[in-house]
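# Reading the structure
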Amino acid sequence: MYMGTLNTPGQDRPSEQDSTVLEAVVWRKFDIRLLPLCTAAYLISSFDNNNIANARVAGLQTALNISNYQYTVALTVTLVPYIAMELPSNLMLKHVGPNHLLPGMVILWGIIAAMQGLVTSYTGLLLCRFFLGLTEGGLLPGLVLYLSSFYPRGRLQMRISAFFSSASLARAFAGLLAAAITHMDGIGGKAGWAWIFFIEGLFTFFFGIVLLFSLPQSPETASFLSPEERCYVVSKLKSSRTISDDDSRDNFSWVEVLRAIRSPQVLMLIVITFFNGTQVFGLALFEITIVAGLGYTGNQAQLMSVPPFVLAFLASMISSYISDRYGCRGFTVIFFSFWCIIGYSIYYATASQHIRYGSLFFSMTGTYGAVPAVVTWIANNSAPHIRRASSIAFGFVATCSGGMLATWLLGTLSPGPSYKAATITFIVMSIGMVVLSSLNLIYLSHQNHAKAVKRLAVEKHDEPEHLGDRSAWFVYSL
């Protein structure tokens, strides 16, 4: 309806009035047409990656006659190919096209996720978990990189939080869904735990088909945008240093991969993501087991695992709005790290089952609330495209490496229900997140000040090319 008042595509820049109209429309269109697809993809990924915990409570471990050690091995087998795929898939994303690569991943792992319901041996479970990690590994870093190519840096965390928070929502809903599905026990001669895999895996497969025909490749090819809107989005992305002025700068280069891993802010955030990832995977894969160890069993354990995830979801969304509004990524990470310290300290200090259950509201909220801020902090402060793709991938490699530690830490090395060694480790890691986030804030503030001084002495056109985030005109997000 507003189209008649806008400047024509031939004009270099829209007027201030046109810009106000476009600003109110284009991001809302992405939020309606693009963001729900990404959120649903990650929500489904969380279901399929973590529903083995629900299946375990529903009888998987007993049916396959596997030990706690073997169960931990099965979790680790998933993460090895998962980690191996994160960097290559991110580097291939632009070349292959996110509208093809991301839906392809969803379709393939949906088939494999459903096949888990057919396994009758431990070997079969290991094979399914390996190929599940292989097909699913590139999704999360791919989604972050994909969204960072559509939204300006200042608008990114709220959107990343929308689909990251879906992970906590998925875990909450997973308990309810698993409790319902297990009532299908015996139908078709299959156990309730097998139906968990069948139903959730088949849903993933069909969603992947929908995604294949719905996901735009880039802002320039989004069919739901008008030509004026496409030009406006691209100009905003370039002015915010989200994408390069020259597309050739976004071509693959090993030099940019190395520059990413050598950037001090990326290195600090890689360690932070390792600490945070250990806690995220530990709670995602073992929260229901922890709850069961507090005196709740069967479907009651499934249902009691829900409330902490609900609070984590709400806290993530509220904090992400504040973080985007005021540009405070680092302080958000520090704030939620203190929540983790409180939660784990309470769990360690008491033997009361009720108080320990209450401590999960602190630790779950702190762990999941920090994730969007950490990931956005990485994406915001890396440029050009290949450097950002590499930085995001390295961050998720660290996250999943932490996940491998978590599977052993809570699986065999730190027996429940006290999980003393794991709890102490999580407290130390949370303190480490506070320290490193503070150091990163100091470093980035110092760099921004140095860049401000340089801008007074040097013209933009006098700068060397390919500086990316090291350019004096690239202001780091704090």
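Reference entry: report on the structure contained in this document. (Residues numbered from 1 in each chain as written. Predicted model: local features only at pLDDT ≥ 70, side-chain atom pairs only at ≥ 80, totals over all residues. Heavy atoms only, no water.)

## Details of the overall build of the protein
Definition in use: Strands are runs of DSSP state E lasting at least 2 residues, helices are runs of H or I lasting at least 4, and numbering of each runs from the N terminus. Radius of gyration here is computed from C-alpha atoms only, and the compact-globule reference equals 2.2 Å multiplied by the residue count raised to the power 0.38. The buried label applies to any residue whose accessible area, calculated with a 1.4 Å probe on protein chains only, is under 20% of its type's maximum; exposed applies above 50%, and partly exposed to all values in between. Note on areas: Shrake-Rupley with a 1.4 Å probe; residue coverage comes only from the protein chains shown.
What the protein contains, in helices and strands, is 18 helices and zero strands. The C-alpha atoms of the protein give a radius of gyration of 23 Å, which matches the 23 Å a tight globule of 478 residues would have. Each principal axis of the C-alpha atoms in the protein carries an extent, and together these give about 70 × 45 × 40 Å. Of all 478 residues assigned to the protein, the portion counted as buried reaches 58%. Split by element, the accessible area of the protein, about 18,900 Å² in all, is 68% carbon and sulfur.

## Some points on the packing of aromatic side chains
Cut-off, in case you're wondering: Two aromatic rings from Phe, Tyr or Trp, using only the six-membered ring of Trp, form a pair when their centres are within 6.5 Å; if the ring planes differ by under 30 degrees the pair is stacked, by over 60 it is edge-to-face, and anything between is tilted. Counted as over-ring charges are cases with an Arg CZ or a Lys NZ within 6 Å of the ring centre that also lie within 35 degrees of the ring normal.
Scanning the entire structure with this criterion turns up 20 aromatic pairs. Linked through ring pairs, Trp 27, Phe 30, Tyr 146, Phe 150, Tyr 151 and Phe 224 together constitute an aromatic cluster. The lysine or arginine in question, Arg 56, covers the ring of Tyr 71, its NZ or CZ lying 4.0 Å from the ring centre. The ring of Tyr 347 is capped by Arg 356, whose NZ or CZ atom sits 4.7 Å from the centre of that ring.

## Some thoughts on the packing of helix α2 (residues 35-57) against helix α6 (residues 122-136)
A pair of packed helices is characterised by two quantities: the angle between their axes and the separation of those axes. Our working rule: Comment: axis = line fitted to C-alpha atoms, over the contacting stretch for helices; angle = value between 0 and 180 degrees taken between N-to-C directions. We call two directions roughly parallel when the angle between them is under 35 degrees, roughly antiparallel when it is over 145, roughly perpendicular when it lies between 65 and 115, and oblique otherwise. Each crossing gets its handedness from the near helix: less than a right angle anticlockwise from the far helix is left-handed, clockwise is right-handed. Note on contacts: a residue pair is in contact if any heavy atoms of the two residues lie within 4.5 Å. Think of it as three bins: nonpolar holds Ala, Val, Leu, Ile, Met, Phe, Trp, Tyr, Cys and Pro, charged holds Asp, Glu, Lys and Arg, and polar takes everything else, Gly as well.
Between α2 and α6, the shortest axis-to-axis distance is 12 Å and the interhelical angle comes to 155°. Taken together, the axis directions place α2 and α6 in an arrangement best described as roughly antiparallel. Here α2 and α6 pass one another in a crossing that is left-handed. Of the residues in α6, those in contact with Ser 45, Asp 48, Asn 49 and Ile 52 of α2 are Leu 125, Arg 129, Leu 132 and Glu 136. Looking at the contact of α2 with α6 residue by residue, the class counts come to three nonpolar, two polar and three charged.

## Considerations on the nonpolar core
Our working rule: Nonpolar core, defined: a set of buried Ala, Val, Leu, Ile, Met, Phe, Trp, Tyr and Cys residues in which side-chain atoms within 4.5 Å join the residues together.
If you look at the biggest cluster of nonpolar residues, it comprises 126 residues, and the most contacted ones within it are Phe 30, Val 144, Phe 163 and Phe 164. Looking at this core element by element, the count peaks at 13 residues for helix α12 (residues 264-292). Those residues within four positions of Val 144 in sequence are excluded, and the remaining contacts are Ile 160, Phe 163, Phe 164, Val 375, Ala 379, Ile 392 and Phe 396. Among the nonpolar cores identified, the runner-up in size contains ten residues, and Val 257, Ala 260, Val 266 and Ile 386 belong to it.

Read these as spatial facts, not as claims about activity.
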